[in-house]
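# A closer look at the structure
What follows is the residue order along each chain.
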Amino acid sequence: MVKNRRLAKSISDASFFEFKRQLEYKAAWYGKEISVIDRFFPSSQLCLDCGYQNLGIKDLRIRNWICPKCGTHHDRDENAAKNILMEGLRLLNVS
């Protein structure tokens, strides 16, 4: 159904809405808190070690990159996941 141009966005939005709703429900059930980061947070562009923002990483075909400031090698997805975790913890004021 997602391949249908007219319905794709509606179906995807509904699925993510339901996932978020279920996640919030389960978190409340277990007494946990959910932190939602901004959808435009540059998670894959930020160097986890020094904080440099590499604007050349917007192309999704780039899977690995080296920070020009500190020389750290990053896998795009692993770096993004770690940056999302750190931002979520920062928003919850946990360090």
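Now for a quick tour of the structure. (Residues numbered from 1 in each chain as written. Predicted model: local features only at pLDDT ≥ 70, side-chain atom pairs only at ≥ 80, totals over all residues. Heavy atoms only, no water.)

### With respect to the packing of aromatic side chains
This model, assessed by the stated rule, comprises one aromatic pair. Centre to centre, the rings of Y25 and W29 are 6.1 Å apart; their planes meet at 40°, and the pair counts as tilted. Linking Y25 with W29, this pair stays in helix α1 (residues 8–29), spanning four residues, or about one helical turn. Take W29: its relative accessible area is 59%, and that puts it in the exposed class. (Phe/Tyr/Trp six-rings, centres within 6.5 Å; stacked < 30°, edge-to-face > 60°. Helix = DSSP H or I, 4+ residues; strand = E, 2+ residues; numbered from the N terminus. Buried < 20%, exposed > 50% of the residue type's maximum accessible area, 1.4 Å probe, protein only.)

### Digging into the side chain of N83
Structurally, the position occupied by N83 is in helix α2 (residues 76–91). Here N83 is in contact with F41, S43, L46 and L48, once residues within four sequence places are set aside. (Contact = heavy atoms within 4.5 Å.)

### Side note on the pattern of salt bridges
Throughout the structure, instances matching the rule amount to five salt bridges. The salt bridge partner of R21 is E18, with a shortest N-O separation of 2.9 Å. Remark: E18 and R21 occur in helix α1; sequence separation between them is three residues, near one turn of the helix. Among the salt bridges present, the one from R61 reaches D59, with a minimum N-O distance of 3.0 Å. With relative accessibility at 71%, the residue R61 sits in the exposed group. (Salt bridge = Lys/Arg side-chain N within 4 Å of Asp/Glu carboxyl O.)

### Some words on α2
In this model, α2 (16 residues) spans 22 Å end to end at C-alpha, consistent with the 22 Å of a helix rising 1.5 Å per residue. Of all the residues in α2, the buried ones are R76, N79, A80, N83, E87 and G88. End-on, the buried residues of α2 take up no more than an arc of 165°, which puts them together on one face. Across α2 from its buried face, at more than 90 degrees, point the exposed residues E78 and L85. (Expected span 1.5 Å × (residues − 1). Arc of directions from axis to C-beta.)

Note that all results are geometric; they support no functional claim without further evidence.
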